[in-house]
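Analysis of the macromolecular model
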Amino acid sequence: MSHQDVSHSAPSGARGVVEFAASAAWARPATTAPHPNDGSTSRRHQRTVTRAVGFLAAGALAVPLLAGCGSDDEASKPLAGQDILPVARDAVAEGGTLKLAVDAVPETLNTFQADADAGTTRVAQAVLPSMFTIDATGKPVRNPDYLESAKVIETEPRQVVLYKLDQQAVWSDGREIGAADFAAQWRALSGKDSAYWTARNAGYDRIAQIERGANDLEVRVTFDRPYADWKSLFSPLYPKDVMGTPDAFNDGARRKLTVTAGPFRVDKVDTARKDVVLTRNPRWWGRPAKLDEIDLHAVDRDKRASALAAGTVDVADIDAAEADRITLAGREKGTGLPLQGAGKTSAKKLRSWALTLGMDEEKLPKGPKKLRRSVAKWLEQQHELRDFGVRRSLEPAYTQLALNGSEGPLADERVRRAVARALDRKALAKLVLTPLGLPAVPVGSHVALSGQAAYTDGSGAIGGLDTHEAQALLADAGWVVGGPVKAGGKAAGAEDQKKGDKKKDGSEQGDESDGGHDGQYIVGEDDKAYDKDTRDHQKDHAHGAPGAYAPKGTAAPRGAGAPAGPLAKDGKALSLRFVLPSGPGSETLQAVAGQISQMLDRVGIATEIQKVSDDSYFKDHIAAGQYDLALYSWPSSAFPATDARPIYAKPVVAADGSLNVEQNYTRVGTDQVDQLFDQALGTLDEDEADGLLRKADSRIWASAGSLPLYQRPQLVAARKDLVNVGAFGFQTPVYQDMGFLKKGANASPSPSGR
């Protein structure tokens, strides 16, 4: 499938890819999926790019059989708690400015536009109404600042939801929040007027009517089709001034929000200083904000530690290397360093010492004078970083191994399942999370994370690590050891590589790879033969999907579990193109990819690592289908029936012959999965919806297009005297409670102890 032959529509409920090197540490992420843009694409066309509650890292068998696979249905708990140094409001000092690092100054302050990002969402959370927020278990809860109640009052003949607003809820211009605002947002996002450049219309397209209730404080919403995720709507809610006309929607809220209704208001957007300044809203009726001001300041990911040390920011999402550096700074009692005292320190000794403390070898200058200055500056920063701590939790997002099933070897389900059976997901989770002191538990669901109501481990539908079974699946698919390989022929998985795929500097994309053929070496010998008895085979596969395993009796290659040697079929060697980003923050993904390559080697699957620029990673490779294997992340949602559906929807051929994949970049989907999502979306019984989602998840596991690996770490550097700030996990931040610890007050120790 060529780049031009694939379309990415803006489906109802699309959620954006979590950036592979980013960390949405403050709430439900809201990011834009990167998209091809030749420079002439208008904003009108950008609305077709999927966006939503999401960030990318630095994707007719009998359903009843699958319903029970996985762990039991006991309620799960979040694997890691919040780490925000929580205190009561009376222990928070009045006033002060909180300087918060963001990736960039938002291009728009309208969260429903295609180029909205995580910064857009943070602003919206602080200055706009949300009828529902997300709690610590990932569940939507009524926001008492705006709602007295909200419930379904009728189901026949149509679903009707009645919102009763807080009588004090007003916009910053003094006008009451009411039905006119709800109606304007519905009309803008319904999808019926193409003049609105919207990125999503999930749920709003199901509304038939919005009207005033018994009084001005009641809003009555009537749906033309049942909608299970109605609590996702009107969060945020924009004033009718923004939603009332296409011009106001498209351009009126990009760099300013004149009318707001949160504890803070937008004071200014200063692109020159890379700041968005929020100040207290004088018309706020709820608990008053403790801070005078919140400044969102744009800082590149690889410059966060320097910005913290310089006092440019007080809080920042950071990567593992910066977390280690801050932790080290906090442990230093005195330097005892070779820069002290008389005499000169040799450059060799100084470099060696710098490396032992974790300085980046690639950034160390070679000359002794420059090296000495660089080390001195680093030490000064370390001294300042002692005022910071690292707050740790797990982000509401997971990293997956995506298998492109559109063509090549991975178009065969047996090969995809072989990849799944070759992976030790527990080992991969430990590789990433154990060094950070976080629970290393593999993610067991595509639709929820541990702690959420819909979560259950459905991975039993595909099965766990079993190299014997993986090799048997490959053999059944026709991939055999020692098969003839045509001279000069391409490896089977390399067909998608585009000739002349250039980086901006003119070199080949593949030139950046130091992996090349690293994944093709052979690992050690294992003499165990493949000889399972019937009882073991039935036990292992009791909960699996039909077809998820090699047929009983299929012989694995002799000496299964040993180095399988190059596998071949139809004159082509089995080699998969593993595409990875190469920019700052991608080191963890590269380490994970290295381990995956070794695991696949053990069953005879070779990999070719190709590192590409961050700018091209998503738009030119993932979205365009130019990969076999890739690592990127999806956010978890409190509304999986809406938000997960486009990620796993079966691709369909459009009228113009292009393939509409929505957000399913693996191109693997089934009618059954689509039907289960639709059924979950159309029931108002929450338990029934959760059951349908679990069935859908089992089917997704069985198709082996997306293999969840681990929940992403959430690392936040914060000044030690900042409270009610940090790694929030699932929960929506409460901006009015953030602030500095009052003198003489005590705070509970951080759960991470760091």
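Before going into details, it helps to say that this report is about the structure given with it. If you're wondering where the values come from, they're calculated on a predicted model, not measured in any experiment. (Residues numbered from 1 in each chain as written. Predicted model: local features only at pLDDT ≥ 70, side-chain atom pairs only at ≥ 80, totals over all residues. Heavy atoms only, no water.)

Okay, the overall build of the protein chain next. From N to C terminus, the protein chain includes 20 helices and 26 strands. Counting every position in the protein chain, which comprises 754 residues, the buried fraction comes to 57%. As displayed, the protein chain has an accessible area near 30,100 Å², and 49% of this comes from carbon and sulfur atoms. (Helix = DSSP H or I, 4+ residues; strand = E, 2+ residues; numbered from the N terminus. Buried < 20%, exposed > 50% of the residue type's maximum accessible area, 1.4 Å probe, protein only. Areas by Shrake-Rupley, 256 points an atom, 1.4 Å probe, with all protein chains shown as cover.)

We now examine unusual backbone geometry. Pro 157 follows Glu 156 through a cis peptide bond whose omega is 0°. Among the structural elements, Pro 157 can be located in the loop between strand S7 (147-154) and strand S8 (160-165). That bond from Ser 235 to Pro 236 is cis: its omega, 5°, falls within 30 degrees of zero. Along the chain, Pro 236 falls in the loop between strand S10 (218-223) and helix H5 (240-243). Positive phi outside glycine occurs at Phe 234, with the angle close to 60°. Position of Phe 234 relative to the elements: it lies in the loop between S10 and H5.

Counted under the stated rule, the structure contains 28 salt bridges. Across the pair Asp 115 and Arg 254 runs a salt bridge, and its minimum N-O distance is 2.4 Å. With Asp 115 in the loop between strand S4 (97-102) and helix H3 (118-127) and Arg 254 in the loop between helix H6 (246-252) and strand S11 (264-270), this residue pair connects regions lying 139 residues apart in the sequence. Here Arg 416 and Glu 413 are joined by a salt bridge, their closest N and O atoms 3.8 Å apart. (Salt bridge = Lys/Arg side-chain N within 4 Å of Asp/Glu carboxyl O.)

For the rest of this paragraph, the subject is the side chain of Asp 690. With respect to the element layout, Asp 690 can be found in helix H20 (residues 686-703). Not counting residues up to four positions away in its chain, the partners in contact with Asp 690 are Ala 453 and Ala 454. (Contact = heavy atoms within 4.5 Å.)

Let us look at helix H12 (residues 425-433). Taken together, the buried positions of H12 are Arg 425, Leu 428, Ala 429, Val 432 and Leu 433. The buried residues of H12 occupy one face: seen down the axis, they fall within an arc of 110°. (Arc of directions from axis to C-beta.)

Take the packing of aromatic side chains next. Throughout the structure, instances matching the rule amount to 17 aromatic pairs. Taking the centre distance of 5.7 Å and the plane angle of 90° together, the rings of Phe 132 and Trp 230 count as edge-to-face. Of the two residues, Phe 132 is situated in strand S5 (residues 132-134) and Trp 230 in the loop between S10 and H5; the sequence distance between them amounts to 98 residues. Considered together, Phe 132 and Trp 230 belong to a single accessibility category, that of buried residues. On the basis of an interplanar angle of 50° and a centroid distance of 5.4 Å, the ring pair of Tyr 163 and Phe 182 is categorised as tilted. Here Phe 182 lies in helix H4 (residues 179-189) and Tyr 163 lies in strand S8, a separation of 19 residues in the sequence. Its relative accessible area of 0% is what places Tyr 163 among the buried residues. A residue is classified by how much of its surface remains accessible, and Phe 182, at 0% relative accessible area, is buried. Connected via pairs of aromatic rings, a cluster forms that spans Phe 112, Phe 132, Tyr 163, Phe 182, Tyr 204, Trp 230, Phe 234 and Tyr 238. (Phe/Tyr/Trp six-rings, centres within 6.5 Å; stacked < 30°, edge-to-face > 60°.)

The three strands lie next to each other as S16-S17-S18, forming an open sheet whose pairing is antiparallel. With partners counted over all chains shown, the strands left at the sheet margins are strand S16 (480-481) and strand S18 (572-573), one partner each. (Pairing = 2+ DSSP bridges.)

With that settled, the discussion passes to the environment of Ala 228. Summarising the element assignment, Ala 228 is placed in the loop between S10 and H5. According to the relative accessible area criterion, Ala 228 is partly exposed, its value standing at 23%. Each C-alpha atom, one on Ala 228 and one on Leu 681, is 5.1 Å from the other, the two residues being 453 residues apart in sequence. Setting aside its immediate chain neighbours within four residues, Ala 228 contacts Ala 680, Leu 681, Thr 683 and Leu 684.

This part takes up helix H8 (residues 320-331). In an α-helix, one full turn covers 3.6 residues, which means residues spaced three or four apart are oriented alike. With 12 residues, H8 extends 17 Å between its outermost C-alpha atoms, agreeing within 8% with the 16 Å of an ideal straight helix rising 1.5 Å per residue. All buried positions along H8 are accounted for by Glu 322, Ala 323, Arg 325, Ile 326, Thr 327 and Ala 329. At the N-terminal end of H8, a side-chain oxygen is found 3.2 Å from the backbone nitrogen of Ala 321, two or three residues along, and the residue is Asp 319. (Expected span 1.5 Å × (residues − 1). Polar contact = N/O pair within 3.5 Å; in protein donor to acceptor, adjacent residues only side chain to side chain.)

The next thing to look at is the environment of Ala 202. With respect to the helices and strands, the residue Ala 202 is situated in the loop between H4 and strand S9 (207-212). What makes Ala 202 buried here is its relative accessible area of 11%. Distance in space between the C-alpha atoms of Ala 202 and Trp 230 is 9.7 Å, their sequence separation being 28 residues.

With that settled, the discussion passes to the side chain of Arg 206. Secondary-structure assignment places Arg 206 in the loop between H4 and S9. Despite its burial, Arg 206 pairs with no opposite charge, the nearest such side chain being Asp 205 at 4.9 Å. Within the local environment of Arg 206, its side chain forms a polar contact with the backbone oxygen of Pro 226, the two atoms lying 2.6 Å apart. Ignoring any residue separated from it by four or fewer positions in sequence, one finds Arg 206 in contact with Phe 223, Asp 224, Arg 225, Pro 226, Tyr 227 and Leu 681. (Lys, Arg positive; Asp, Glu negative; His and termini not counted.)

Further remarks concern the packing of helix H19 (residues 671-682) against H20. Remark: H19 packs on H20, axes separated minimally by 8 Å, with the N-to-C direction vectors making an angle of 165°. By the angle between their directions, the pair H19 and H20 is classed as roughly antiparallel. Between H19 and H20 the crossing geometry is left-handed. Note on element contacts: H20 touches H19 through Ala 689, Leu 692, Leu 693, Lys 695, Ala 696, Arg 699 and Ile 700, opposite Val 673, Leu 676, Phe 677, Gln 679 and Ala 680. Split into classes, the residues belonging to the contact of H19 with H20 amount to nine nonpolar, one polar and two charged. (Axes fitted to C-alpha atoms, helices over the stretch in contact; angles between N-to-C directions. Parallel < 35°, antiparallel > 145°, perpendicular 65-115°, else oblique. Left-handed = near helix turned anticlockwise from the far one by under 90°. Nonpolar A, V, L, I, M, F, W, Y, C, P; charged D, E, K, R; others polar.)

Ranked by internal contacts, the top residues of the largest apolar core, which has 108 residues, are Met 131, Tyr 163, Phe 234 and Leu 278. Broken down by element, this core gets its largest block of residues, seven residues, from H4. If sequence neighbours within four positions are ignored, Met 131 has contacts with Val 141, Arg 142, Asn 143, Tyr 146, Leu 147, Tyr 163, Leu 165, Phe 182, Leu 233, Phe 234, Ser 235 and Leu 237. Counting residues in each nonpolar core, the second largest holds 61 residues, with Leu 308, Leu 394, Ala 593 and Leu 707 among its members. (Core = buried A, V, L, I, M, F, W, Y, C linked by side-chain atoms within 4.5 Å.)

Here the focus is the pairing of strand S19 (residues 575-581). For S19, the tally of buried residues reaches seven of seven residues, placing the bulk of the element in the interior. Neither face of S19 is left uncovered, since the one carrying Ser 575, Arg 577, Val 579 and Pro 581 and the one carrying Leu 576, Phe 578 and Leu 580 both have all their residues buried. Sheet topology places S19 next to strand S20 (residues 606-612); seven bridges connect them, and they run parallel. Across the sheet, Val 579 pairs through a bridge with Gln 610, a residue of S20. With helix H15 (residues 587-601) bridging S19 and the parallel S20, this β-α-β connection has right-handed handedness. (Right-handed = clockwise from strand over helix to strand, strands pointing away.)

With five of six residues buried, strand S13 (residues 293-298) lies mostly within the body of the structure. Note: strand S12 (residues 275-280) against S13, five bridges, orientation antiparallel. Across the sheet, residue Asp 275 finds its bridge partner in S13, namely His 297.

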